[in-house]
Amino acid sequence: MSSETSPLLNYRLYNVAGGFAGSCGGGGPQEDEVAVSSTASQSDDPRKLSTFFGVVVPTVLSMFSIVIFMRVGFVVGQSGFLQSLLMLTVAYIIITLTVLSVCAISTNGAVKGGGAYFMISRTLGPEFGGSIGLMFFLANVCSCAVYILGLVEAILDVFGELPNAADTQSRGIHVLPQNYLYDVLYASSILLLCLLVCLVGAQIYAKTSFLIFLVVHVVLVTILVSFFVVSPRTVVIVRQVGNESQAIYTNYTGFSTATLQQNLLDDYSVDYTTKYMMTFATVFAVMFNGCTGIMAGSNMSGDLKNPSYAIPKGTVIAVIYTFLVYLLLFFLVSFTCNRILLKEDYAFFRQINIWPPFVVIGVYAASLSASMSTLIGASRILHALARDDLFGVILAPAKKTSKSGNPWVAVLYTWLMVQCVLFAGKLNTIAGVVTIFFLMAYAAVDLACLALEWASAPNFRPTFQLFSWHTCLLGIVGCLVMMFLINPAYASCGIILMLILLVVIHYRSPTSSWGYISQALIFHQVRKYLLLLDVRKEHVKFWRPQMLLMVANPRTSAQLITFINDLKKGGLFVLGHVQVGDLDALPIDPIQPQYNFWLSLVDKLNVKAFVDLTLSPTVRQGVQHLLRITGLGGMKPNTLVLGFYDHSVPEDYFLLDPAFRDAKENNDHFGVDIASLQAHFSPVRDGETPKSLTEQEYVAIISDALKMQKNVCLARYFFTMDRKGLLSKKRPERVSIDVWPLNLLRPENTDYVDVCSLFLLQMACVLTMVASWKAARLRIFLCVEPGDGSWVRKEEKLRKLLDQLRIKATIKIVTWEAVGPTVQAPASPSADHVSDGYLRAVNRMILDQGFHTAVRFLYLPRPPAETAHSRRYLEQLDILTEGLGPTLLIHGLTPVTCTDL
């Protein structure tokens, strides 16, 4: 901590770590086991605390703590009465905004144990909840240590041995030895006392805290009465400088307008305990620590009879009450106490009290209450984290509870961590971090409420209505400003730590069933933007492929699914599947239960795809349905991808990939683990599974898609693609992507600039733009007649076209001579009359031109209009592509390239 900010805890005896802010008393266990039992008797219900005992008492104690006895004079003495009122008002505005958010969330549903952690996690999801919850727990742990050490030093201030024995007569009975080990011993003894109280349970804690509540208020009454009954007097302040004592004389004036005028304005000076120069920011940070206990009642959520009623009512009452008490004390102190007294003795209440031991008792009681409340509060948060299994086996034992529901293992965990912190000794700097952690938790609560409000979810209808998104946003801003005002370095480190925890929990925690506010926000925004995505405003410059891939069985199509995911270039990718059946003959729709399996498959393959399934009497009708209804608004598929129609039986991908083969790995995120996924999709066995559609129906599907103005791609041999091997950086040679932008079934047509050819070029170019395929070479083949001297002009024309389209590719010249003279000029322009010999020759020519080819793009001719020619059409495509390896036959209908800026 820098010298400018370390005075955050300027009174070295009584460190205030965020007013044990919101850590007071934790909630009991998360009642998933207790509350759901309809047979449990009322006597077994751990929720027994009322609004007053469960919320008002711990919140008031938390917001008073030691600050009310030890910081009021410091704030007024340094900042003056006017600035003190400004600080108090700003601080309470910030916490009131957070209180409104707490009240809104707590009245929107059943609040279980865990307090702020429960609210944040069930609203923002496990990532934010776990990260903020862990930081909240650590803040409570450090707070507990801070208060215990503060109590030890307060005890030693009265009873500890002094280096100068001559001062013993004037300072009291100083019999306790002082050194590091003794200090740790005293602190450990007090911590042990707190542990015993917390092990008994929340009930005895509530009773204990109520007794302390009474003691604190008796002391407060004596302080208030003292201002009116104690006569003006001279106060002597004794300082110990080395081995010598130094006396400072000042006055308690009683009610005096002159004293008030003297105390109106600020007079920042060096703090006598830390020797640092005070500023508005440092004093404000100290004062704000006494106002941050607003979560105390929320953290008792697991022990409250009716948390949704008690939390808002009790918290609001506590905030209003503490504000009035602080305001009254600021006024009385400014009217009656000399400025030197306020700045030179932060424990001046003892000097002017009708019976000085009253104030000592109040300090001890407040310190002990703060220590117990932070210990039990931290244990409840830890228990909630353990129950949610966000940190695995590390916190697993903390799930255990006693018969009465007290999480005794979590209490022991917390006690051990506090004990470790006690060995650190002085905690001035830790207290600054604690305050940052608490403020981050408050900001997260405001964020949770803001997200719920912005998501406009119908189920967000809290009974507490005195809030809006404006109050939530102002609360977030206020907390963040306070964090950086207190200490920018700690604030930055706190945010970085939260982000690291968020990422860790995101990747290791199981999927929760709490609901994700992110999904509600995404839905709200996506709906809004989908309405703005107007199909009438589409332009060819911004065209992108939007693919509908029909999948019969992913066991044989996994490689193709992955390849199309590469080919989509940020566009829409939908996996479609048709189950043949008649809904009238079935009791329920068989499609709905299948979505989880398909979505889990998408997760396992790590592709960015949607899933759309349908039930139809025939595959053809099902594909028609999907082509018409898949997508929404301007996001609808423009390209249909089909597997090739042949009789080959690919190898089962699920049996080849270790990720699918290893059934021991259990990723049961949404009820679908690997074993379930294997069982759902039928194994592939040669000759056992007949094709679900005929050749005529398959060709008809292609024709239907073209009629509906959809581009069509037929994929063959992709089950042989070894994507990892092809794209490996260790591969010595570059792979190539070969494009044949010519209708090879109509060789008399040598036009390379028709819509379909340009579509081929665009799709191949899209593939090379994918990061993993950028190292591949793009080769475009130009077929010319033997002896044709114009091939140079044709090449220049094609090169110019590629330059205009900004496509980097190598042009390869191929002559028809390699095909043979019998096929250079087909007898008929009809593709039906192209001979098998010609097709085999073209097939050999394509194979001969292959050079480490990864994938080939070929021109797909239109299917015949007459269904009687469907078989022949497929035979020709079969011969043309036989043995070529991964091949994509493409027929494009829509313009997709643009040369304009």
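Residues numbered from 1 in each chain as written. Predicted model: local features only at pLDDT ≥ 70, side-chain atom pairs only at ≥ 80, totals over all residues. Heavy atoms only, no water.

Caption draft 1: Geometry of the packing of helix α5 (residues 126–159) against helix α14 (residues 357–387). As a packed pair, α5 and α14 sit with axes 8 Å apart at the nearest point and diverge in direction by 160°. Taken together, the axes of α5 and α14 are roughly antiparallel relative to one another. As α5 packs across α14, the resulting crossing turns out to be left-handed. Each residue belonging to the contact of α5 with α14 can be placed in one class, and the counts come to 21 nonpolar, 7 polar and no charged. (Axes fitted to C-alpha atoms, helices over the stretch in contact; angles between N-to-C directions. Helix = DSSP H or I, 4+ residues; strand = E, 2+ residues; numbered from the N terminus. Parallel < 35°, antiparallel > 145°, perpendicular 65-115°, else oblique. Left-handed = near helix turned anticlockwise from the far one by under 90°. Nonpolar A, V, L, I, M, F, W, Y, C, P; charged D, E, K, R; others polar.)

Caption draft 2: Representation of the pattern of salt bridges within the structure. Summed over the entire model, instances satisfying the criterion amount to 10 salt bridges. A salt bridge links D704 to R620; its shortest N-O distance comes to 2.7 Å. Remark: R620 occurs in helix α22 (residues 619–629) and D704 occurs in helix α26 (residues 695–707); sequence separation between them is 84 residues. For D704, a relative accessible area of 8% corresponds to the buried category. A salt bridge links R872 to E875; its shortest N-O distance comes to 3.7 Å. With R872 and E875 both in helix α31 (residues 870–881), this residue pair falls 3 residues apart, about one helical turn. (Salt bridge = Lys/Arg side-chain N within 4 Å of Asp/Glu carboxyl O. Buried < 20%, exposed > 50% of the residue type's maximum accessible area, 1.4 Å probe, protein only.)

Caption draft 3: How the structure looks around helix α21 (residues 595–605). Listed in full, the buried residues belonging to α21 are Y595, F597, W598, S600, L601, V602 and L605. In the segment just after α21, N606 is the residue with positive phi, at about 60°.

Caption draft 4: Focus on a nonpolar patch on the surface. A cluster of nonpolar side chains, namely V221, V225, F228, V229, F255, I354, W355 and I361, defines an oily patch on the protein surface of about 770 Å² accessible area. No other element matches helix α8 (residues 202–229), which puts 4 residues into the nonpolar patch. Tracing the sequence through the fold places I354 in the loop between α13 (348–352) and α14. (Patch = residues over 30% accessible without salt bridge, like charges linked within 9 Å, V, L, I, M, F, W, Y side chains within 5 Å. Areas by Shrake-Rupley, 256 points an atom, 1.4 Å probe, with all protein chains shown as cover.)

Caption draft 5: Examining empty space enclosed by the protein more closely. According to the stated counting rule, one finds 2 cavities of 30 Å³ or more in the structure shown. Lining the second largest cavity we find V67, R71, V72, V75, M287, Y326 and F330. Looking at the lining of the second largest cavity, the elements with two or more residues in it are α3 (72–106) and α11 (307–336). When its residues are assigned to classes, the lining of the second largest cavity shows 6 nonpolar, no polar and 1 charged. (1 Å grid on protein atoms, 1.4 Å probe; cavity = no way out; pocket = protein on both sides within 12 Å on 5 of 7 lines; lining within 4 Å. Points joined across faces, edges and corners; volume = space filled by probe spheres on them.)

Caption draft 6: Local environment of the sheet that holds strand β6 (residues 639–643). Reading across the sheet, the 10 strands line up as β5-β4-β3-β6-β7-β12-β11-β8-β9-β10 and stay open at both edges, with mixed pairing between neighbours. Strand pairing shows two members of the sheet lacking a second neighbour, β5 (610–616) and β10 (810–815), which therefore form its edges. Across the sheet, the mean angle separating the axes of adjacent strands is 25° when strand polarity is ignored. Pairing of strand β3 (residues 547–550) with strand β4 (residues 573–580), which is carried by 4 bridges, proceeds in the parallel orientation. (Pairing = 2+ DSSP bridges.)

Caption draft 7: Just the environment of T887, in detail. Along the chain, the position of T887 falls in strand β12 (residues 887–891). Of the residues examined, T887 reaches a relative accessible area of 0% and is grouped as buried. Other than its neighbours up to four places away in sequence, T887 contacts L714, A715, R716, F718, R856, L858 and T881. At 2.7 Å, the side chain of T887 forms a polar contact with the backbone oxygen of G885. (Contact = heavy atoms within 4.5 Å. Polar contact = N/O pair within 3.5 Å; in protein donor to acceptor, adjacent residues only side chain to side chain.)

Caption draft 8: Quick look at the packing of aromatic side chains. Per the counting criterion, the structure on display carries 27 aromatic pairs. On the basis of an interplanar angle of 55° and a centroid distance of 6.1 Å, the ring pair of F64 and Y321 is categorised as tilted. Taken as a pair, F64 in helix α1 (residues 51–64) and Y321 in helix α11 lie far apart in primary sequence, 257 residues in all. Aromatic pair W543 and F759: ring centres 5.7 Å apart, planes at 70°, arrangement edge-to-face. With W543 in the loop between α19 (517–532) and β3 and F759 in helix α28 (residues 755–768), this residue pair connects regions lying 216 residues apart in the sequence. One aromatic cluster in this structure is built from F81, F228, F255, F331 and F335. (Phe/Tyr/Trp six-rings, centres within 6.5 Å; stacked < 30°, edge-to-face > 60°.)

Caption draft 9: Up close: the state of the cysteines. For the coordinates displayed, the defined rule picks out 0 disulfides. Considering cysteine sulfurs only, C449 is the nearest to C472, which forms no disulfide, with 3.5 Å between them. (Disulfide = S-S within 2.5 Å.)

Keep in mind that these numbers describe shape and distance, not what the molecule does.
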